[in-house]
Amino acid sequence: MPLPRVLADLPVSSAVLELLGGRVDLVPWNATGRVDAIYTYGHPTVDAAMMDRFAGVKVISNFGVGVDHINVKAATERNIPVGNTPGILDGATADLAFALILGAGRRIVEGDRYARGPDFTRYDPSYMLGREVHGSTLGVFGMGRIGRQVAMRANGFGMKVLYHNRNRNDEAEVALKARYATKDELLAASDFVVLTVPLTSETRGFIGRAELAKMKPTATLVNVARGAVVDKDALTDALSAKRIFAAALDVTDPEPLPRDHPLLKLDNVIITPHLGSATEETRRRMAELSVVNLFAGLEGKELLFRVR
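Computed from a predicted structure; not experimentally measured.

A word on the overall build of the protein. What the protein contains, in helices and strands, is 11 helices and 12 strands. The C-alpha radius of gyration of the protein comes to 21 Å, within 12% of the 19 Å expected for a compact globule of 308 residues. In terms of overall dimensions, the protein has a C-alpha envelope of 70 × 50 × 35 Å along the principal axes. Taken across its 308 residues, the protein has 49% of its residues classed as buried. Relative to all contacts within the protein whose residues are 6 or more apart in sequence, the contacts with residues 24 or more apart total 60%. Working note: accessible area of the protein is about 15,200 Å², and carbon and sulfur atoms make up 53% of it. Taking the average place of the 38 positive charges on the side chains of the protein and the average place of its 36 negative ones, the gap between the two points comes to 2 Å.

Right, dumping it as structure tokens:
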């Protein structure tokens, strides 16, 4: 009996290959012919046309939580379950968000470059002053699992926590000493604005010129959500004109940015290559869950985690 043919955006990690254990035939993204499942590793687009082209697909399994690259509505209409890996990368992503807060606020990346360069010949106490994190105000857009984890870390730094969500979270307000604020209130009051919202039609371009204009000139924008949540051209202009202090981005749109994009030339922005869940422990667990979802779908069973 032939192995199930699984379309994947190769290469996948060694952990995924180990877990698959020769139980499927992994075929490249440009393959033709019979396909029994689709495995998305690096956020390739899966649209309705692809689903129709591979009409025998029984499941789409995603390595990660965000599924904005998959047309879930089209999959549902075709009775194709879509699996993801929620709940296991929250802590790692929140760690990265807080690293970006500290890195941007204290100009750590810029300082590292300077300390390694030829211009650092003497210590100057007045040079490269940053912004304090402890005791400052953190504004979180999206008080979901990751947003809660970021707020928890902020409590340890004695930060005042504001949040904005589609719905108020009474439990988080008590447990995390967080206060609900309108979008405009949060932008105006926060020293660090962190984005942890999913990418939807409502959040695409969520931070644009109008929103950046409402932020403090001493404020920092941190994005660990999706690149398209922020208007990159508006952000480039705001950073170039120093209308905000800094930005720290784990995600961009597109990803990666063109190598000649002006945002890459600015000193007051940190850009990391989508490292939110990039720890050995978390990526291993993501591999495990995505493979469990894959085989459940191939066997016609309920997925461990299904996007609905």
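The structure having been displayed, the exposition proceeds.
Here the focus is the sheet that holds strand S5 (residues 82–83). Pairing is parallel in the open sheet, where five strands are placed in the order S2-S1-S3-S4-S5. Of all the strands in the sheet, the pair left with one neighbour each is strand S2 (25–27) and S5. Where strand S1 (residues 5–8) lies against S2, three bridges are found, and the strand directions are parallel. Its bridge partner being in S2, Leu 7 is matched across the sheet by Val 27. The sheet contacts of helix H11 (residues 280–298) involve S1, strand S3 (37–40), strand S4 (59–62) and S5, and relative to S4 the element is tilted by about 175°.

Attention now moves to the packing of aromatic side chains. Summed over all chains, the structure comprises six aromatic pairs. Measuring from centroid to centroid gives 5.3 Å for Tyr 114 and Phe 120, while their planes differ by 50°, and the two rings are tilted. Using a relative accessible area of 39% as the deciding quantity, one classes Phe 120 as partly exposed. For the pair Phe 141 and Phe 206, a centre-to-centre distance of 5.0 Å together with 80° between the ring planes defines the contact as edge-to-face. Of this pair, Phe 141 sits in strand S6 (residues 137–141) while Phe 206 sits in the loop between strand S9 (192–195) and helix H9 (209–214), and the two are 65 residues apart along the sequence. The same class applies to Phe 141 as to Phe 206, namely buried. Following the ring pairs from residue to residue traces out a cluster consisting of Tyr 114, Phe 120 and Tyr 127. In this structure, Arg 23 packs its charged tip against the face of Phe 295, placed 3.8 Å from the ring centre. Directly above the ring of Phe 206 sits Lys 183, whose terminal nitrogen or CZ lies 3.8 Å from the centroid.

A word on the sheet that holds strand S7 (residues 160–164). In a beta sheet, neighbouring strands pair by backbone hydrogen bonds and run either parallel or antiparallel. Spatially, the seven strands line up as an open sheet ordered S8-S7-S6-S9-S10-S11-S12, and their pairing is parallel. For this open sheet the edge positions go to strand S8 (178–180) and strand S12 (269–271), each flanked by a neighbour on one side alone. Within this sheet the neighbouring strands show an average axis-to-axis angle of 20°, counted without direction. As paired elements, S7 and S8 share three bridges and run parallel to each other.

Burial within S7 is extensive, with four of its five residues counted as buried. Examined bridge by bridge, S6 and S7 share five bridges and lie parallel to one another. Counterpart to Leu 138 in the pairing with S7 is Val 161.

About the cut-offs
Residues numbered from 1 in each chain as written. Predicted model: local features only at pLDDT ≥ 70, side-chain atom pairs only at ≥ 80, totals over all residues. Heavy atoms only, no water. Helix = DSSP H or I, 4+ residues; strand = E, 2+ residues; numbered from the N terminus. Rg over C-alpha atoms; globule rule 2.2 N^0.38 Å. Buried < 20%, exposed > 50% of the residue type's maximum accessible area, 1.4 Å probe, protein only. Contact = heavy atoms within 4.5 Å. Areas by Shrake-Rupley, 256 points an atom, 1.4 Å probe, with all protein chains shown as cover. Lys, Arg positive; Asp, Glu negative; His and termini not counted. Charge placed at Lys NZ, Arg CZ, Asp CG, Glu CD. Pairing = 2+ DSSP bridges. Axes fitted to C-alpha atoms, helices over the stretch in contact; angles between N-to-C directions. Phe/Tyr/Trp six-rings, centres within 6.5 Å; stacked < 30°, edge-to-face > 60°. Lys NZ or Arg CZ within 6 Å of the ring centre and 35° of its normal.

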